[in-house]
Amino acid sequence: MKSIANEDLIGSKSMPHGNDVCQGPSSHSLNKKVTALVVEDNVVNQMIHKRLLSNLGIETQVVENGKEAVDLHHSGAVFDLILMDMEMPIMNGPEATRVLRAMGVRSKIVGVTAYSGDYEKRVFMDAGLDDYYEKPLTMAKLVSLLQELVDNN
Amino acid sequence: MCVQWGKSKIGLLQGFLDEQFIQLEELQDDANPNFVEEVVTLFYRDSTRLLLNIDQALEKSPLDFSKLDNYMHQFKGSSSSIGATKVNNECTHFREYCNAGNAEGCMSTFQQMKKEHATLRKKLEAYFQVSSICLVTFFSS
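Remember, it's a predicted structure, so these values are computed and weren't measured experimentally. Each chain has its residues counted from 1, following the order in which its sequence is written. Chains and ligands are labelled by the order in which they are written, letters from A for the one and numbers from 1 for the other. In view of the model being predicted, local features appear only for residues whose pLDDT reaches at least 70, and side-chain atom pairs are presented and counted only at 80 or more, with totals across whole chains, interfaces and linings using the full set of residues. Values reported for side chains reflect all heavy atoms of the structure, with hydrogen atoms and water molecules removed beforehand.

Student: Could you give an account of the overall build of chain A, with specific residues and numbers?
Tutor: Helix and strand definitions here come from DSSP, where helices need a minimum of 4 consecutive H or I residues and strands a minimum of 2 consecutive E residues; each element is numbered from the N-terminal end. Assigned secondary structure in chain A consists of 5 helices and 5 strands. The order of α-helices and β-strands along chain A, N terminus first, is β-α-β-α-β-α-β-α-β-α. Within chain A, buried positions represent 54% of all 153 residues. Contacts spanning at least 24 positions in sequence make up 65% of the contacts within chain A whose residues lie at least 6 apart. Total accessible area computed for chain A in this model is approximately 6,700 Å², and 46% of it derives from carbon and sulfur atoms. Remark: exposure states derive from per-residue accessible area (1.4 Å probe, protein chains only) relative to the maximum for the residue type, with buried under 20%, exposed over 50%, and partly exposed in between. Whether two residues touch is decided by their heavy atoms; if any such pair falls within 4.5 Å, the residues are in contact. Accessible surface area values rest on a Shrake-Rupley calculation with a 1.4 Å probe, where residue burial reflects the displayed protein chains alone.

Student: Describe the layout of surface pockets, with residues and values.
Tutor: Method remark: on a 1 Å grid restricted to protein atoms, a set of points is classed as a cavity if a 1.4 Å probe fits but cannot get out and as a pocket if it is open with protein on both sides within 12 Å along at least five of seven lines; lining residues have an atom within 4 Å of a point. Grid points are joined across faces, edges and corners, and a volume is the space filled by probe spheres set on the points. A volume near 370 Å³ is recorded for the second largest pocket. Around the second largest pocket, the lining is made up of 20 residues, and of these Asp41, Asn42, Glu87 and Pro89 of chain A together with Gln74 of chain B lie nearest the centre. Of all the secondary structure elements, the ones that give two or more residues to the lining of the second largest pocket are helix H1 (43-55) of chain A together with helix H3 (35-58) and helix H4 (65-81) of chain B. Gly falls in the polar group here, along with every residue not listed as nonpolar (Ala, Val, Leu, Ile, Met, Phe, Trp, Tyr, Cys, Pro) or charged (Asp, Glu, Lys, Arg). When the residues that make up the lining of the second largest pocket are grouped by side-chain class, the tally is 4 nonpolar, 8 polar and 8 charged.

Student: Go over the UniProt feature "modified residue: 4-aspartylphosphate" (unreviewed entry) in chain A with me, naming the residues and quoting the values.
Tutor: All names here are of chain A. Taken from the UniProt record, the annotation "modified residue: 4-aspartylphosphate" (unreviewed entry) applies to Asp85. The topology assignment puts aspartate 85 in strand E3 (residues 81-85). Not counting the four nearest positions on each side in its chain, aspartate 85 is found in contact with Val39, Glu40, Asp41, Gly93, Val112, Thr113, Phe124 and Lys135. UniProt positions are given in the numbering used here, feature names are shortened, and annotations may be inferred rather than shown by experiment.

Student: Give a detailed account of the packing of aromatic side chains, specifying residues and quantitative values.
Tutor: Geometrically, a pair of aromatic rings is defined through the distance of the ring centres and the angle of the planes. Aromatic rings from Phe, Tyr and Trp, taking only the six-membered ring of Trp, are treated as a pair when their centres fall within 6.5 Å; an angle between ring planes under 30 degrees marks them as stacked, one over 60 as edge-to-face, and anything in between as tilted. Throughout the structure, instances matching the rule amount to 6 aromatic pairs over all chains. Each ring, one from phenylalanine 21 of chain B and one from tyrosine 127 of chain B, has its centre 5.5 Å from the other, and the planes form 75 degrees; the classification is edge-to-face. Of the two residues, phenylalanine 21 of chain B sits in helix H2 (residues 19-26) while tyrosine 127 of chain B sits in helix H6 (residues 103-140), which places them 106 residues apart along the sequence. When sorted by exposure, phenylalanine 21 of chain B lands in the same class as tyrosine 127 of chain B, which is buried. Aromatic rings pair up to connect Phe21, Tyr127 and Phe128 of chain B into one cluster. The side chain of arginine 51 of chain A reaches across the aromatic face of phenylalanine 35 of chain B, ending 5.9 Å from its centre. Directly above the ring of phenylalanine 16 of chain B sits lysine 86 of chain B, whose terminal nitrogen or CZ lies 4.7 Å from the centroid. Remark: a charge is flagged as sitting over a ring if the NZ atom of Lys or the CZ atom of Arg is within 6 Å of the ring centre and within 35 degrees of the ring normal.

Student: Which residues make up the UniProt feature "domain: HPt" (unreviewed entry) in chain B, and what values do they have?
Tutor: Taking the numbering used here, the UniProt-annotated feature "domain: HPt" (unreviewed entry) corresponds to residues 32-127 of chain B. Within residues 32-127 of chain B, the helical portion is 84% and the strand portion 0%, while the C-alpha atoms at the span's ends are 18 Å from each other.

Student: Tell me about the nonpolar core, and name the residues and values.
Tutor: Counting residues in hydrophobic clusters, the biggest one holds 57 residues, and the most contacted among them are Leu83 of chain A together with Phe21, Leu120 and Leu124 of chain B. Broken down by element, the residue count for this core peaks at 12 residues, all from H3 of chain B. Setting aside anything within four residues of it in sequence, one finds leucine 83 of chain A in contact with Leu37, Val38, Val39, Leu53, Val110, Val112, Leu137 and Leu145 of chain A. Counting residues in hydrophobic clusters, the runner-up holds 19 residues, among them Val39, Val63, Met88 and Ile109 of chain A. Throughout, nonpolar core names a set of buried Ala, Val, Leu, Ile, Met, Phe, Trp, Tyr and Cys residues whose side chains join them through atoms within 4.5 Å.

Student: Mind laying out the interface of chain B and chain A, listing which residues take part and the relevant values?
Tutor: Contacts between the two partners involve 23 residues from chain B and, on the opposite side, 20 residues from chain A. Surface buried jointly by chain B and chain A totals about 1,900 Å² across both partners, of which 59% is contributed by carbon and sulfur atoms. A carboxyl oxygen of Asp or Glu within 4 Å of a side-chain nitrogen of Lys or Arg is what we treat as a salt bridge. Counting across the chain B and chain A interface gives 0 salt bridges. Here a polar contact means two N or O atoms within 3.5 Å. Within protein one must be a hydrogen donor candidate and the other an acceptor candidate, and residues neighboring in sequence count only if both atoms are side-chain atoms. Linking chain B with chain A are 6 residue pairs in polar contact (both at pLDDT 80 or more), by the criterion used here. Secondary structure elements with two or more residues in the side of chain B that touches chain A: H2, H3 and H4 of chain B. Among the residues making up the side of chain B that touches chain A, the classes are represented as 7 nonpolar, 10 polar and 6 charged. Buried area: the sum, over both parts, of the accessible surface (1.4 Å probe) that disappears when the two are put together.

Student: Go over the packing of H4 of chain B against helix H5 (residues 85-99) of chain B with me, naming the residues and quoting the values.
Tutor: Residue and element names in this part refer to chain B. Axis lines are fitted to C-alpha atoms, over the contacting stretch for helices. Their N-to-C directions set the angle, which ranges from 0 to 180 degrees. Packing of H4 against H5 brings their axes to within 9 Å, and their N-to-C directions diverge by 160 degrees. Taken as axis vectors, H4 and H5 run roughly antiparallel relative to one another. For H4 against H5, the interelement crossing comes out left-handed. In contact with Phe65, Leu68, Asp69, Met72, His73, Phe75, Lys76, Ser79 and Ser80 of H4, H5 contributes Val87, Asn88, Cys91, Thr92, Phe94, Arg95, Cys98 and Asn99. Split into classes, the residues belonging to the contact of H4 with H5 amount to 8 nonpolar, 6 polar and 3 charged. Relative orientations are named as follows: roughly parallel for angles under 35 degrees, roughly antiparallel for angles over 145 degrees, roughly perpendicular for angles from 65 to 115 degrees, and oblique for any other angle. Handedness of a crossing is defined here by the sense of rotation of the near helix relative to the far one, left-handed for an anticlockwise turn of less than a right angle and right-handed for a clockwise turn.

Have a look at this one:
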């Protein structure tokens, strides 16, 4: 797994508000930028998740289903963080997560879904997620998630 | 002066949008000054397509409740991301009727949902107009 960016990513404990955007790692002397993959079929959520991550200086790619996420990894792409939606066409979140873990992907994979039932959560977590958040993803949830990423590396 | 505009801006949307909308506003900055409007535009493009699909699916007989539920799940995925409270509530009712196999319930809820969808659109158009007036006022003062 590539080295993770430093604590300055979340150095500013305050959340971004309007123009007061948290300066991402690109403005600091770092080894590398944190990278993220958004796996989501809904175009509105793609746009929002991408903006949330970009506002924190995270380099983000977006794919629209689990199969595209798997194909990306097959071609050698590596990400620090993967935000995985649950229900998607072609290959859904739980299946994509299982496949990625079987491939040896060690990235932090976080499920982001509208489903809040215990059974759905359990199935998704058992597929190999590190964590699970209910939609909509907010800046607060993302900051806390990224803080864990930094702390654990 | 812009504080007054700000208060009337929020007043326009109260009851129709929840704090998720405020989250979107907080993502807007100098580098992305039209972010909220872009998200809303995308929402209306995507949701209008889904409404058309649901309309067509409701004309079939017998109704395919599973397909309808699927469309509504996609719809709700977007509407909750912009914080559209009233629209979301109708989505929930619709899905309950789908699960119960209640065709009449689906149809009447769908009509209500389309009304809420259209009302919200007007509110948002007014909101963005007020926002741009405020900007013009600010920069010309």
